[in-house]
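# Structure assessment
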Amino acid sequence: MHDDRALIEARLKRVLDERVRPAVYPAHVPLDVAVWHAPGEPVPVAEGLAAEHSPVRVGDRWGAPWGTSWFRVTGTVPPQWAGRTVEALLDLGFDENMPGFQCEGLVYRPDGSPVKGLNPRNQWVRIGSPVTGGERVELHVEAASNPVILDYHPFLPTELGDRDTAGDEPQYRLARMDLAVFDETVWHLVMDLEVLGELMPELPADGARRHTVLRAVARALDAIDLQDVNGTADAARACLREVLSSPAEPTAHRISAVGHAHIDSAWLWPLRETVRKVARTTANMTALLEDEPDFVYAMSQAQQYAWIKEHRPEVYARVKKAVAEGRFVPAGGMWVESDTNMPGSEAMARQFVHGKRFFLDEFGVENEEAWLPDTFGFAAGLPQIIKAAGAKWLLTQKISWSRTNVFPHHTFHWEGIDGTRIFTHFPPVDTYNCSMQGKEIAHAARNFKDKGVARHSLAPTGWGDGGGGTTREMVAKAARMRDLEGSARVEWETPAVFFAKAEAEYRHAPVWVGELYLELHRATLTSQARTKQGNRRSEHLLYEAELWAATAAVRTGSRYPYEELDRLWKTVLLHQFHDILPGSSIAWVHREAEATYARVARELRGIVDAAQRALAGDAGSGGTVVFNAAPHARGGVPAAGAAPRPAVHGATTVSDRVGGGHVLDNGLLRVEVDARGLVVSAYDIAAGRETIAPGRAGNLLQLHPDFPNMWDAWDVDAFYRDTVTDLTEAEAVEPVAGADGCVRVVRRFGSSRVEQRLTLPAGAGRLEIDTEVDWHETEKFLKLAFPLDVHADRYASETQFGHLYRPTHTNTSWDAARFEACNHRFLHVGEPGWGIALVTDSTYGHDVARTVREEDRGTTTTVRASFLRAPRFPDPRTDQGTHRFRHTLVPGARVVDAVREGYRVNLPERVVPGDARVAPLVAVDDAAVVVTAVKLADDASGDVVVRLYESLGGRARARLRAGFEVGEVVRCDLLERPLGAPESAVADDEVPLLLRPFELVTLRLTRRRAAD
Ligand SMILES: [Zn+2]
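Overview of the structure. Fair warning: this is a prediction, and the values are worked out from it, not measured in the lab.

### Let's talk about the overall build of the protein chain
Regarding its fold elements, the protein chain presents 18 helices and 52 strands. Compactness check: the protein chain gives a C-alpha radius of gyration of 31 Å against a globular reference of 31 Å for 1012 residues, within 12% of the reference. Here the C-alpha coordinates of the protein chain stretch approximately 100 × 70 × 60 Å along the principal axes. Out of the 1012 residues belonging to the protein chain, those deemed buried represent 62%. Contacts in the protein chain between residues far apart in sequence, at least 24 positions, make up 75% of those at least 6 positions apart. Split by element, the accessible area of the protein chain, about 36400 Å² in all, is 50% carbon and sulfur. The positive charge centre, built from 116 side chains, and the negative charge centre, built from 140, are 1 Å apart in the protein chain.

Structure follows, in structure tokens:
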């Protein structure tokens, strides 16, 4: 037989495009349209409905960037349409090739109740089925003219990303406002032909199935009268019935389709727009659930539910009803889909606490999966946190974006730093916006790396980010692929049903140990430095506020600010969203984030201040009390306690250096700063050991060109390292008077200026580096380098509830691809018995590399902290202006010292007038065991909740001593729910603790009422 595949496939495409799809709406009449352009920010619905509208015509331009236009569409259903299905077709000027990322609308009835969203692939509103004819139609559309930021020429700098700079040029042209007859038979024919047309190219060309389908399609096309598609659609469908009912092979891959819309909580639009995006998409999805009995929808991010609850209560009522029916699934159990590299221990824990608690309180639902399809890599501390929150599964898709190495599994156990394992799935469909196309389904089946031993995968299905979610077309196509020869089987299922099946069939899934590093978007550890600093500062202020407020509540009976802390935590958690904290949002988002962090800091300082004043005793005594929030004692003040300031002993001498520069010496460290302002020596006097590699210099600022191939704010490409300028020219290198030896260094480069203070405090073995940069570069990367005389094949960097080791070499492609990584407060490199810590108050990105010197065959391990970048997309002025960073170099530090120094730098002591000593509410007698939270229980019972962890990666036997009269002590999960019976060994307000390496423990301590 002659091979006519190409001919029939081309015929199918043309007939579908030009005849069958247009016949879905065989008759239409225009609607009358009037509009009111709201003058500024979005207005309440009632105001939009009641405003003075003016006539507008299809074809007219509308919509200044970020504006809101209220369209009123009116008309009458023609009497001759009686008995037919009629829909309104409202095209605001959509680009169908780009679902999401453009204009959108929410349709309301005249009474203000929401109907559904309008999106590029979802432009219809059902008027009646069947209609009687003559019905009066009135609909209102709240249309948002969000400008396109990421378009066909991505990553070009644009001023559209902030209302202040976006101008007022209309962005859209009203394309269609019609009433139309909907022919459901033709629509089904389109679905049949699309499913089969998309299946064919995925089938082997020499297999019988492909040709059987081809022949059936050819017969169906023959059966269509091109002049009367509507009259012949049934006959065409009859030709396809047999190939559509031929069942799937017994070994066919099984796909759990989960209706979904990945809505970034802020990104190329401000937070306030996400509130509306979520409402539109959710209105669509609750409507689709009512129309489609098999469909299941999952939505993550408790914050987005909270927004609907507050701003669109009618939509929220529909959500609650659908959740109760079990078909609208609160997924993920986190407050937002956060970044997981940068959030600190407590914040990562609170993402789950607040997410899960919201779902429990609102819906009585406790989900057991973490849902993070799009987050840019996963920290090795996360498995333990997921488990401690009472969850056991993780879903993400993002690692498929890695550019160098292909991850070997799609389903596996992910093991974190403490040994906790989480059953994890990467959807092999390789997208979180599956649209049920044949090529996606076939790709998932082919791509699945665990076939032969497992057969289930998950496909998050629907358009995100304002695309409107899952469409009725996706549901129709999924129904056809439920049991279809040549296709994977597709079934709508909840994430929990999927995970239960996947886990049951794959008990011995492979194990991946350590972080899930994304080999892309490495620059998100550095871009938008002020946002990152706001996060770090807020996390530590929250810790302080809880600690001192709890101490004051227990000791003085003062009010514990439950509501304030709840609200402030949620604000900080929201800003850890995976496009805010990573610095990949438009200027508007980061401008607001900085203002929000400033407000958060003010409020938290107020809480801290009030609590400390309540504790500090007589403010008129003339004395001062030093509060030490850190979980380690310092300067004679106990951890989490306060005491009058003790005297400081010793001083640092500053002398001239031979050859220029200055020498700082405090008897512990001797630091030489040369005439260039560089640290050419940092000598650990007790150990008799030099820190800086011979002939090299630390405190070296290095400037690289930084113009990645794409994703400017997200990416730094490996070639950035090929070109570097060492900033060695100094304008000033001069000593600063004071007991702590200090040298001030000033440099200028490009259009920027940097001023540093290098301080060697009296009595302390550390060099403090305070850097202020007035940054006016573009597309540059600034790093601070320390070439260290250390032979180390790995280094430690802090992550949540512990640290992980990464190699300093590039043996494998995996090691080489990890050229920029995340640390929290510290990095540590060492040889047995001696090491060095680099501690930071606000930077996360870093790199560590090694070279071997020819002269002495010694190893130079160069540690570099990433300071600033200057990408121009999506914020054309990223990071311009003044920034301040504090780093501390600690020669001779062990990991335990690095941990302590990390807290010290991030939790500065506070001095308050008074005369009291404040004993800690809880104290632990083992330096390896670190307290990360002391607070009153969220249930307002007055119980004290303490979270602590083993910080060194070893076993710890410690005693926790409470500074109040303890009743019972019980281990809890992160949500403060008891995990078992109370500890039996509580005596004298002490409880013994035995901790696994890096184990996190949450304790709830009841207070004996007699002590109140
Ligand atoms: Zn995302």
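### Here we look at the sheet that holds strand E47 (residues 929-936)
The strand order across the open sheet built from 4 strands is E47-E48-E52-E50, with neighbouring strands paired in antiparallel fashion. Sheet topology places E47 and strand E50 (966-972) at the edges, where each strand pairs with a single neighbour. Ignoring which end each strand starts from, the neighbouring axes of this sheet average 25 degrees apart. Taken together, the 7 bridges between E47 and strand E48 (residues 944-950) define a ladder with antiparallel strand orientation. Across the sheet, the residue bridging to Ala-933 is Arg-947, located in E48.

### With respect to the sheet that holds strand E32 (residues 732-736)
The strand order E32-E33-E34-E35-E44-E41-E40-E37-E38 describes an open sheet built from 9 strands, whose pairing is antiparallel. Two strands in the sheet have a free side with no partner beyond their single neighbour: E32 and strand E38 (802-807). On average, each strand axis in the sheet is tilted by 20 degrees relative to the strand beside it, whichever way the strands run. In the sheet, strand E37 (residues 794-799) pairs with E38 via 6 bridges, with the strands oriented antiparallel. Bridge pairing links Ala-796 to Tyr-805 in E38. Its contacts with the sheet put helix H14 (residues 529-556) on strand E41 (834-840) and strand E44 (881-891), and the angle it makes with E44 is roughly 55 degrees.

### Description of the coordination of the zinc ion
The zinc ion binds to the protein through His-262 (NE2), Asp-264 (OD), Asp-374 (OD) and His-578 (NE2); the donor distances cover 1.9 to 2.1 Å. One can describe the donor arrangement at the zinc ion as irregular, given that its 4 donor atoms subtend angles of 89 to 153 degrees at the metal. Counting the intervening residues between successive donors of the zinc ion yields the motif H-x1-D-x109-D-x203-H. Of the two residues, His-262 is situated in the loop between strand E13 (254-259) and helix H6 (271-291) and Asp-374 in the loop between strand E16 (369-371) and helix H10 (382-388); the sequence distance between them amounts to 112 residues. Like His-262, the residue Asp-374 is buried in the burial classification.

### Considering the packing of aromatic side chains
Enumeration over the complete set of coordinates arrives at 40 aromatic pairs. Measuring from ring centre to ring centre gives 6.2 Å for Trp-267 and Trp-714, while their planes differ by 85 degrees; the resulting arrangement is edge-to-face. On the criterion of sequence distance, the pair formed by Trp-267 in the loop between E13 and H6 and Trp-714 in the loop between strand E30 (700-705) and strand E31 (725-727) is long-range, its members being 447 residues apart. For Trp-714, a relative accessible area of 1% corresponds to the buried category. Ring plane angle 40 degrees and centroid distance 5.4 Å describe the contact between Tyr-720 and Phe-781, whose orientation is recorded as tilted. Of this pair, Tyr-720 sits in the loop between E30 and E31 while Phe-781 sits in strand E36 (residues 780-788), placing them 61 residues apart in sequence. As far as burial versus exposure is concerned, Tyr-720 and Phe-781 are alike and both buried.

### Digging into the nonpolar core
Nonpolar side chains tend toward joint burial in soluble globular proteins. By size, the foremost hydrophobic cluster in this structure holds 230 residues, and its most contacted members are Val-217 and Leu-1005. Sequence-distant contacts of Leu-1005, that is, excluding residues within four places in its chain, are made with Val-922, Asp-943, Val-944, Val-946, Leu-960, Ala-962, Phe-964, Val-966, Glu-968 and Val-969.

### Focus: the packing of H6 against helix H7 (residues 302-311)
The geometry of H6 relative to H7 is characterised by a closest axis approach of 9 Å and an angle of 85 degrees between their N-to-C directions. In terms of orientation, H6 and H7 fall into the roughly perpendicular class. Contacts from Leu-271, Thr-274, Val-275, Val-278 and Thr-282 of H6 reach H7 at Gln-304, Trp-307, Ile-308 and His-311. When the residues that make up the contact of H6 with H7 are grouped by side-chain class, the tally is 5 nonpolar, 4 polar and no charged.

### Observations regarding the pairing of strand E5 (residues 67-76)
In terms of burial, E5 is largely enclosed, as 8 of its 10 residues are buried. One ladder, built from 7 bridges, connects strand E2 (residues 32-38) with E5; its direction is antiparallel. Across the sheet, the residue bridging to Ala-34 is Arg-72, located in E5. Across 10 bridges, E5 lies against strand E10 (residues 136-145) in antiparallel orientation. Note on E10: the bridge partner recorded for Arg-72 is His-140.

### Structural notes on the side chain of Arg-280
Along the chain, Arg-280 falls in helix H6. For Arg-280, a relative accessible area of 2% corresponds to the buried category. Residues within four places of Arg-280 in sequence aside, it is in contact with Glu-104, Gly-105, Leu-106, Gly-117, Ala-144 and Glu-273.

### A short note on helix H3 (residues 184-199)
Between its first and last C-alpha atoms H3 spans 22 Å; for 16 residues at 1.5 Å apiece the expected length is 22 Å, and the two agree. At the N-terminal end of H3, a side-chain oxygen is found 3.0 Å from the backbone nitrogen of Thr-185, two or three residues along, and the residue is Asp-183.

### A closer look at helix H13 (residues 495-505)
Of the positions making up H13, those classed as buried are Pro-495, Phe-498, Phe-499, Ala-502 and Glu-503. Along the long axis of H13, the arc covered by the buried residues comes to 120 degrees, so they all point the same way.

### Description of the pattern of salt bridges
Tallied over the entire structure, the rule returns 90 salt bridges. One salt bridge in this structure joins Arg-766 and Glu-768, with 2.7 Å as the shortest N-O distance. Note that Arg-766 and Glu-901 form a salt bridge whose closest N and O atoms lie 3.6 Å from each other. You can see Arg-766 sitting in the loop between strand E34 (752-760) and strand E35 (767-775) and its partner Glu-901 sitting in helix H18 (residues 895-906), a full 135 residues away along the chain. Salt bridges linked by common partners bring Glu-41, Glu-104, Glu-142, Arg-163, Arg-272, Glu-273, Arg-276, Lys-277, Arg-280 and Arg-312 together as one network.

Conventions adopted
- Residues numbered from 1 in each chain as written.
- Predicted model: local features only at pLDDT ≥ 70, side-chain atom pairs only at ≥ 80, totals over all residues.
- Heavy atoms only, no water.
- Helix = DSSP H or I, 4+ residues; strand = E, 2+ residues; numbered from the N terminus.
- Rg over C-alpha atoms; globule rule 2.2 N^0.38 Å.
- Buried < 20%, exposed > 50% of the residue type's maximum accessible area, 1.4 Å probe, protein only.
- Contact = heavy atoms within 4.5 Å.
- Areas by Shrake-Rupley, 256 points an atom, 1.4 Å probe, with all protein chains shown as cover.
- Lys, Arg positive; Asp, Glu negative; His and termini not counted.
- Charge placed at Lys NZ, Arg CZ, Asp CG, Glu CD.
- Pairing = 2+ DSSP bridges.
- Axes fitted to C-alpha atoms, helices over the stretch in contact; angles between N-to-C directions.
- Donors = N, O, S within 2.8 Å, 3.2 Å for Na, K, Ca; no water.
- Tetrahedral: all angles 85-135°; square planar, octahedral: opposite > 155°, others 65-115°.
- Phe/Tyr/Trp six-rings, centres within 6.5 Å; stacked < 30°, edge-to-face > 60°.
- Core = buried A, V, L, I, M, F, W, Y, C linked by side-chain atoms within 4.5 Å.
- Parallel < 35°, antiparallel > 145°, perpendicular 65-115°, else oblique.
- Nonpolar A, V, L, I, M, F, W, Y, C, P; charged D, E, K, R; others polar.
- Expected span 1.5 Å × (residues − 1).
- Polar contact = N/O pair within 3.5 Å; in protein donor to acceptor, adjacent residues only side chain to side chain.
- Arc of directions from axis to C-beta.
- Salt bridge = Lys/Arg side-chain N within 4 Å of Asp/Glu carboxyl O.

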